[in-house]
Amino acid sequence: MSADFHVYLRIACLMLTLTSVTACYSPGKPLPPALGEAMAWTEEAETAFRTGRYSAAQQGYKKALDLHIAANNTPGIIRNLVNLAVVQHTAGQNAAARQTLAALDRHLSLRGKERFDSETRQLLAEASWLKTHILIDEGRLNEARQDL
């Protein structure tokens with residue numbers, strides 16, 4: 001077999017690979033406008049949190065939360081409630097963080113045995129740890145031990 005044959009074979013294999021990859025690609029579904037706006041608020045709140053602007057972060061997460069509630073988007077509701085509780089706890093507002101986590105518990109109790117993706121399950125685990133951390137911060141060690 002000639003060297004040209006091997007070159008053409010490699011080109012053909014490369015073209016087949018590229019064709020199969022591009023054939024499988026489909027652009028993601030665009031988000032509904034309300035969820036797109038909610039994601040924008042979440043990103044803005046995250047930036048505010050990272051720069052220590054806790055009040056702005058709380059406002060952004062609350063606005064995103066309202067949009068997710070209106071769209072009945074449970075993963076978005078969970079994400080923003082957990083993020084809001086983290087900001088409140090970081091800002092030293094443990095009572096507000098506890099209320100936010102209680103709202104999360106109420107929302108979950110209404111959802112029943114819904115199955116969540118891995119990211120949402122991770123957020124729920126973080127919420128559980130946050131509850132325990134708040135109890136420890138407040139010196140309520142027996143309750144924290146029970147929570148664990």
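The residue count restarts for each chain, going from 1 along the sequence in the order it is written. Given that this is a predicted model, residues contribute local features only at a pLDDT of at least 70 and side-chain atom pairs are listed and counted only at 80 or more, while totals for whole chains, interfaces and linings are drawn from all residues. Here the side-chain values reflect all heavy atoms present in the structure, with hydrogen atoms and water set aside.

1. Some thoughts on the overall build of the protein
Every helix listed is a DSSP run of H or I at least four residues long, and every strand listed is a run of E at least two residues long, numbered separately from the N terminus. On a plain count of helices and strands, the protein comes out with seven helices and zero strands. Put simply, the protein runs from its N terminus to its C terminus through helices and strands in the order α-α-α-α-α-α-α. Looking at the protein as a whole, 28% of its 148 residues are labelled buried. Sequence-distant contacts, at least 24 apart, represent 52% of the contacts inside the protein between residues at least 6 apart. Areas reported as accessible are Shrake-Rupley estimates using a 1.4 Å probe. Residue values count occlusion only from the protein chains shown. Entry remark: accessible area of the protein is about 10000 Å², with carbon and sulfur atoms responsible for 58%. Partly exposed describes any residue whose relative accessible area lies between the buried limit of under 20% and the exposed limit of over 50%, with all areas from a 1.4 Å probe on protein chains only and scaled to the type maximum. For this analysis, residues touch if any pair of their heavy atoms sits within 4.5 Å.

2. Notes on the pattern of salt bridges
Basic side-chain nitrogens of Lys or Arg form a salt bridge, by our definition, when they fall within 4 Å of a carboxyl oxygen of Asp or Glu. Applying the stated criterion across every chain, the model contains six salt bridges. Put simply, Asp-105 and Lys-131 hold a salt bridge, and the shortest N to O gap is 2.8 Å. In this pair, Asp-105 sits in helix H5 (residues 94–111) while Lys-131 sits in helix H6 (residues 118–137), placing the two residues 26 residues apart along the sequence. In this structure Lys-131 comes out as partly exposed when scored by relative accessible area, which is 24%. Ionic pairing is found between Glu-138 and Arg-140, a salt bridge with its closest N-O pair at 2.7 Å. We classify Glu-138 as partly exposed; its relative accessible area is 31%.

3. Regarding unusual backbone geometry
Even without a glycine there, the phi angle at Asn-72 is positive, about 55 degrees. Along the chain, Asn-72 turns up in the loop between helix H3 (54–70) and helix H4 (74–90).

4. Notes on the nonpolar core
Among soluble globular proteins, nonpolar side chains are generally buried collectively. Definition used in this section: a nonpolar core is a set of buried Ala, Val, Leu, Ile, Met, Phe, Trp, Tyr and Cys residues joined via side-chain atoms within 4.5 Å. Formed by 14 residues in total, the largest nonpolar core has its most connected members in Ile-78, Val-82, Leu-101 and Leu-104. When residues of this core are traced back to their parent elements, those giving at least two are H4, H5 and H6. Among the elements that take part in this core, H4 stands out by supplying five residues, more than any other. Setting aside anything within four residues of it in sequence, one finds Val-82 in contact with Leu-104, Leu-123 and Ala-127. One finds Ala-48, Ala-57, Tyr-61 and Leu-84 within the second-largest nonpolar core, a separate group that totals six residues.

5. So, H6
A turn of α-helix holds 3.6 residues, and therefore any two residues three or four places apart point the same way. What a helix is expected to span follows from its residue count: subtract one and scale by 1.5 Å. With 20 residues, H6 ought to run about 28 Å at 1.5 Å a step, and its terminal C-alpha atoms sit 28 Å apart, in line with that. All buried positions along H6 are accounted for by Thr-120, Leu-123, Ala-127, Leu-130, Thr-132, Ile-134 and Leu-135. In this structure, the buried side of H6 is in contact with H4, H5 and helix H7 (141–147). Residue Gly-139 follows H6 closely and has a positive phi angle near 75 degrees.

6. Concerning the side chain of His-89
Here His-89 lies in helix H4. Of the residues examined, His-89 reaches a relative accessible area of 14% and is grouped as buried. Non-local contacts of His-89, meaning those with residues more than four positions away in its chain, are made with Asn-94, Ala-97, Leu-130, His-133, Ile-134 and Asp-137.

7. Quick notes on the packing of helix H2 (residues 33–50) against H3
Each pair of packed helices can be described by the angle between their axes along with the distance between the axes. Lines fitted to C-alpha atoms define the axes, with helix axes restricted to the stretch in contact, and inter-axis angles between N-to-C directions lie between 0 and 180 degrees. Two numbers describe how H2 lies on H3: the axes approach to 8 Å, and their chain directions differ by 165 degrees. Between H2 and H3, the angle falls in the class roughly antiparallel. Here H2 runs over H3; the crossing is left-handed. Facing H2, whose interface residues are Ala-34, Leu-35, Glu-37, Ala-38, Trp-41, Thr-42, Ala-45, Glu-46, Ala-48 and Phe-49, H3 presents Tyr-54, Ala-56, Ala-57, Gly-60, Tyr-61, Lys-63, Ala-64, Leu-67 and His-68. For this scheme, ten residues count as nonpolar: Ala, Val, Leu, Ile, Met, Phe, Trp, Tyr, Cys and Pro. Four count as charged, namely Asp, Glu, Lys and Arg, and the remainder, Gly too, count as polar. Among the residues forming the contact of H2 with H3, the class breakdown is 13 nonpolar, three polar and three charged. Convention used here: angles under 35 degrees read as roughly parallel, angles over 145 as roughly antiparallel, angles from 65 to 115 as roughly perpendicular, and any remaining angle as oblique. Two helices crossing with the near one rotated counterclockwise from the far one by less than a right angle form a left-handed crossing, whereas a clockwise rotation gives a right-handed crossing.

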